[in-house]
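# Results of the structural survey
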Amino acid sequence: MNSINDHSTNEAIQAFLIDKFPLARKRGVTFDDNLLESGILDSLGILDLVHFLEQSFGIILSDEELVAENFQTIARLSAFLQSKLPSEAKHVG
Amino acid sequence: MSSAEFAALVLGILGKSVAQLGNGFPELPGLRSSESGSGGETGSHIRNSTDAGRATPRKVSVMFYLPVSRGRNFRPHQRAIWQAGCTRYLFTYARTAMVLRRSDLQHDFSLGVRDGRLIKFVITASTTVGMSIRRANLDRDRDLLLGALGCCLPQGSDPRRFEWLYQRNPQAEAQVWIASHGENGSLIGAAAAFPRELREAGELKRACVLGDFFVMPQYRTLGPAVQLQRACLSDARKFEAFYDFPATAMLPVYKRLGIEPTEMLVRFAKPLRAERTIQRWIKAPALSTALATIANGAFGMRDWFSLSIGDYDLSVHSGRCTEEFNELNISAAPHYSLCTNRSATYLNWRYKNHYAVEYEFLIVRNGSSKLLGYLVYTRGSGNAEIIDLYGVDEPQMLAALVCGAVHRLRADGALTISISLLSSDPRITLLERLGFYRREGCPVVVHPGKQNGEVSCAKWVLMQGDRES
């Protein structure tokens, strides 16, 4: 499991999106871009992203958490991840 | 009560409940891990709540707790239910706490009982954070469903369709799940399972075809769709099999549920007349008409020599399907590993009494007038479609039916004729020999339901007539 903070989480998600999603790469997705409205993420994309997050951060996302509020932007997703991670896994600073 | 206090209360209740359950029910771990959607797979006996309550006098403690992290308040009536001990069953759903209403417990759950012991508890109505899922009442929820279907699915708002498909299905009424917003009650989506009988190597199976799944545009993220389909599958898995022809957008939902497409339904098309294609390329009317006449003549000549109906007696069947269709259904079904039970009652409902589409039957008989097979087709804006092709295992007879349909539809002015078959269907070779070309495909999901055996696709007969969405 990675030790993470907000910024490194943002960067990890951004790197994954740029690597896997051509539209994210083309637009140079930022932390505050709306991933759903811009079409960067669709349902299948969310599934890929969920798989990545579960593998990278050692968490399990439930069906109830796969909602627009959590996946709207990289920043929001990162904050959601922080709230899910046990406190010892977070690295401050 | 603060969130922290409530969390402590929940943990206390949880510990106590588990301790009580542990004494009475050694199979508790299996019980606790059960999820909506897994019902009936391990339980040797599944009953509804009322029956189960009578048959299992042992009581199980109930654990109700709220999603504390969301900071919602513990409402008095929910607390009263717990305190009064009216709720007798433990329920965990994945790792998320659920809040159940008394009404949920009255009719929307089932128990797995083996040797008098409760081994599985399946809630078939669940309340999730911000979303509740319940079984629809087709009479009470009719207008709600019609309105929403009209928004999300073409033709869905037609009341005649609702009555025909949902309420007058000869096998049973449709089972429909409705997801609504927990706070304001607004509709999030719905999913339906339409009961259908299948024959597996001739043996009758009770199955269902899934369809009319929709999520309102404002809720279209993966989570609500997965929860809704999970609830729907919890019912579908009680059948011996279920199948679906999911749209592309549904594939992530199935993937999340751990179900991969089993097969592809592939459309095959054959051009019958050339007017439309030629007019698309040549704008001068006189020239395009002349060229189309030449091309149509060439098409006709080609098929005149290559498409023979042999000595078979073909005719259009305009009346109701009668007992001879039942006899054919029973005699032909063993030749296929899986197909819809095409009884006369089913055929009359599905094709003869269809609420909107006019279907035509082309039938074939042998020398002694015995029914050997039939083909069902429909015409629409120049494109005819064969939606059912069924009969004894005699390739020449099936070829004669298709050839007969081609000749008839060409004479009536159809521009193309198409037919959809599973990609493993052995009749594909026959179609390609008759000049049909492979076109697009759509995924098919078939699940054996209770029997978790291998799904072998060889000699399946699922066609356009078997889908309802």
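Summary of the structure given here. Given the structure is predicted, the values throughout are model-derived calculations rather than measurements.

Take the nonpolar core next. A:Leu17, A:Leu49 and B:Tyr166 are the most contacted members of the largest nonpolar core, which has 141 residues in total. Ranked by residues supplied to this core, first place goes to helix H14 (residues 395–411) of chain B with 9 residues. Beyond its immediate chain neighbours, meaning those up to four positions away, B:Tyr166 contacts B:Leu138, B:Leu149, B:Arg161, B:Glu173, B:Ala174, B:Val176, B:Ala192, B:Phe194 and B:Asp212.

Here we come to the interface of chain B and chain A. Think of interface size as the accessible area that goes away when the parts come together; that is how it is often given. Opposite the 15 residues of chain B that make contact, chain A presents 16 residues. Run the count over chain B and chain A and you get 2 salt bridges. Across the salt bridge formed by B:Arg230 and A:Asp63, the nearest N and O atoms sit 2.6 Å from each other. The tally of links between chain B and chain A comes to 4 residue pairs in polar contact (both at pLDDT 80 or more).

This part takes up the pattern of salt bridges. Here the structure, examined in full by the defined rule, presents 23 salt bridges over all chains. The salt bridge involving B:Arg142 is made with B:Asp143; its shortest N-O contact spans 3.6 Å. Judged by its relative accessible area of 26%, B:Arg142 is partly exposed. Among the ionic pairs, B:Asp212 bridges to B:Arg161, the shortest N-O distance being 2.9 Å. Within this pair, whereas B:Asp212 is found in strand E8 (residues 203–215), its partner B:Arg161 is found in helix H7 (residues 159–167), the two being separated by 51 residues in sequence. When salt bridges that share partners are traced, they join A:Asp63, B:Arg230 and B:Arg256 into one network.

Judged by how many residues are buried, helix H13 (residues 344–352) of chain B sits mostly within the fold: 7 of 9 residues are covered. Of all the positions in H13(B), only B:Ala344, B:Tyr346, B:Leu347, B:Asn348, B:Trp349, B:Arg350 and B:Tyr351 are classed as buried.

What follows deals with the packing of helix H1 (residues 6–20) of chain A against helix H3 (residues 43–57) of chain A. Residue and element names in this part refer to chain A. Between H1 and H3, the least distance of the axes is 11 Å, while the angle of their chain directions is 135°. Considering their axes alone, H1 and H3 lie oblique with respect to each other. The handedness of the crossing between H1 and H3 is right-handed. Between H1 and H3, the contacting residues are Thr9, Ala12, Ile13, Phe16 and Leu17 on the first element and Asp48, Leu49, Phe52, Leu53 and Phe57 on the second. Of the residues belonging to the contact of H1 with H3, the class tally is 8 nonpolar, 1 polar and 1 charged.

Calculation criteria
- Just so you know, the residues in each chain are numbered from 1, in the order the chain's sequence is written.
- Naming scheme: in the order in which they are written, chains are lettered from A and ligands are numbered from 1.
- At least 70 in pLDDT is required for a residue's local features to be given in this predicted model, at least 80 for side-chain atom pairs to be given and counted, and no such filter applies to totals for whole chains, interfaces and linings, which use all residues.
- To obtain the side-chain values, all non-hydrogen atoms of the structure were used and water was disregarded.
- Think of a nonpolar core as a cluster: buried Ala, Val, Leu, Ile, Met, Phe, Trp, Tyr and Cys residues, connected wherever their side-chain atoms sit within 4.5 Å.
- Under the scheme applied here, a residue whose accessible area is under 20% of the maximum for its type counts as buried, over 50% as exposed, and between as partly exposed, the area being computed with a 1.4 Å probe on protein chains only.
- Segments assigned H or I by DSSP are reported as helices when at least four residues long, segments assigned E as strands when at least two residues long, and all are numbered from the N terminus.
- We call two residues in contact when some of their heavy atoms are within 4.5 Å.
- Salt bridge, as used here, is a side-chain nitrogen of Lys or Arg placed within 4 Å of a carboxyl oxygen of Asp or Glu.
- Polar contact criterion, stated in full: a pair of N or O atoms within 3.5 Å, where within protein one must be able to donate a hydrogen and the other to accept it, and residues adjacent in sequence count only if both atoms are side-chain atoms.
- To obtain each axis, a line is fitted to C-alpha atoms, and for helices this fit is confined to the stretch in contact; angles are then taken between N-to-C directions over 0 to 180 degrees.
- Here roughly perpendicular refers to angles of 65 to 115 degrees, roughly parallel to angles under 35, roughly antiparallel to angles over 145, and oblique to all remaining angles.
- The handedness criterion is simple: a crossing whose near helix is rotated anticlockwise from the far helix by less than a right angle is left-handed, and one whose near helix is rotated clockwise is right-handed.
- Side-chain classes follow a simple rule in which Ala, Val, Leu, Ile, Met, Phe, Trp, Tyr, Cys and Pro form the nonpolar group, Asp, Glu, Lys and Arg form the charged group, and the remainder, Gly included, forms the polar group.

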